[in-house]
Amino acid sequence: MKHAVAAATLALFAAFPAAAQFAKPTDAVKYRESAFKLMATHFGRINAMAQGKVPFDAKAAQANAEVLSVLAKLPWDAFPAGSNVGNTEAKPEVWSQPDKFKTGAQQLMDNVAKLDAAAKAGSLDQLKAAAGAVGKSCKSCHEAFKKD
Ligand code: ASC
């Protein structure tokens, strides 16, 4: 019985995308901004090590990469149609070029997965290369989809 309820609950969540979970368009804006802000925090800690600004700490890199790999999945469902509102920093291209936006999001997630693997391997050289690729993903999407 418990299993049946759990399965039904999972099916319910699967049936309703995250977009349906925002009561107001501005809630979606707040959600995605929160996710990006946390991503910047956790990626920033890794990047500081990759750039030699703070000493390499393999355990800290691993912990931050693990969090980042979850965070990197979050913003994308928070750009529902109609959420180009308020003082969002998103450009209209997010909604007018959805395939390009999705491709960029996927590239970021793929590069973050590689960063996670590099951090788990405990190699600073691998971490530097993988962090560079993540930074490039951030930058290219910002150029196309984020207001200055
Ligand atoms: C960061 C951060 C970003 C990206 C971007 C890369 O650490 O907060 O938004 O990297 O600056 O170019």
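Preceding this section is the structure that the text describes.
Just so we're clear, the structure is a prediction, and the values are computed from it rather than from any experiment. (Residues numbered from 1 in each chain as written. Predicted model: local features only at pLDDT ≥ 70, side-chain atom pairs only at ≥ 80, totals over all residues. Heavy atoms only, no water.)

(A) Focus on the site of the ligand. In the region of the ligand, the neighbouring residues are A40, F43, G135, C138, K139 and H142. Considering the ligand on its own, with 310 Å² of exposed area, one finds that the protein chains cover 60% of that surface. Among the secondary structure elements, those contributing two or more residues to the shell around the ligand are α2 (25–50) and α6 (124–145). Ranked by residue count, the leading element in the shell around the ligand is α6, at 4 residues. Considering only residue class, the shell around the ligand consists of 3 nonpolar, 2 polar and 1 charged. (Near = heavy atom within 4 Å. Areas by Shrake-Rupley, 256 points an atom, 1.4 Å probe, with all protein chains shown as cover. Helix = DSSP H or I, 4+ residues; strand = E, 2+ residues; numbered from the N terminus. Nonpolar A, V, L, I, M, F, W, Y, C, P; charged D, E, K, R; others polar.)

(B) Focus on the packing of helix α3 (residues 58–71) against helix α5 (residues 98–121). Following both chains from N to C, one finds α3 and α5 inclined at 155 degrees, their axes separated by 8 Å at the closest point. Compared by their axis directions, α3 and α5 come out roughly antiparallel. Helix-helix and strand crossings are classified by hand; for α3 and α5 the assignment is left-handed. Where α3 abuts α5, its residues A58, A61, Q62, A65, E66, L68 and S69 lie against V112, L115, D116, A119 and K120. (Axes fitted to C-alpha atoms, helices over the stretch in contact; angles between N-to-C directions. Parallel < 35°, antiparallel > 145°, perpendicular 65-115°, else oblique. Left-handed = near helix turned anticlockwise from the far one by under 90°. Contact = heavy atoms within 4.5 Å.)

(C) Quick look at α6. With 22 residues, α6 should cover 32 Å at 1.5 Å per step; its first-to-last C-alpha distance of 31 Å lies within 8% of that length. Lining the buried residues of α6 we find α2, α3, α4 (93–96) and α5. The backbone nitrogen of D125 lies 3.4 Å from a side-chain oxygen of the residue at the head of α6, namely S123. (Expected span 1.5 Å × (residues − 1). Polar contact = N/O pair within 3.5 Å; in protein donor to acceptor, adjacent residues only side chain to side chain.)

(D) A look at the pattern of salt bridges. As enumerated under the stated definition, the model contains 4 salt bridges in all. Across the salt bridge formed by D27 and K24, the nearest N and O atoms sit 3.5 Å from each other. Taking relative accessible area as the criterion, K24 reaches 44% and is therefore assigned partly exposed. Residue E143 pairs with K139 through a salt bridge whose shortest N-O separation is 3.6 Å. (Salt bridge = Lys/Arg side-chain N within 4 Å of Asp/Glu carboxyl O. Buried < 20%, exposed > 50% of the residue type's maximum accessible area, 1.4 Å probe, protein only.)

(E) Geometry of the packing of aromatic side chains. Considering all chains together, one arrives at 8 aromatic pairs under this definition. Consider the rings of F36 and W76, whose centres lie 5.6 Å apart with planes at 70 degrees: the pair is edge-to-face. Taken together, the positions of F36 in helix α2 and W76 in the loop between α3 and α4 put the pair 40 residues apart, joining distant regions of the chain. Exposure remark for F36: the relative accessible area of 30% places this residue in the partly exposed category. (Phe/Tyr/Trp six-rings, centres within 6.5 Å; stacked < 30°, edge-to-face > 60°.)

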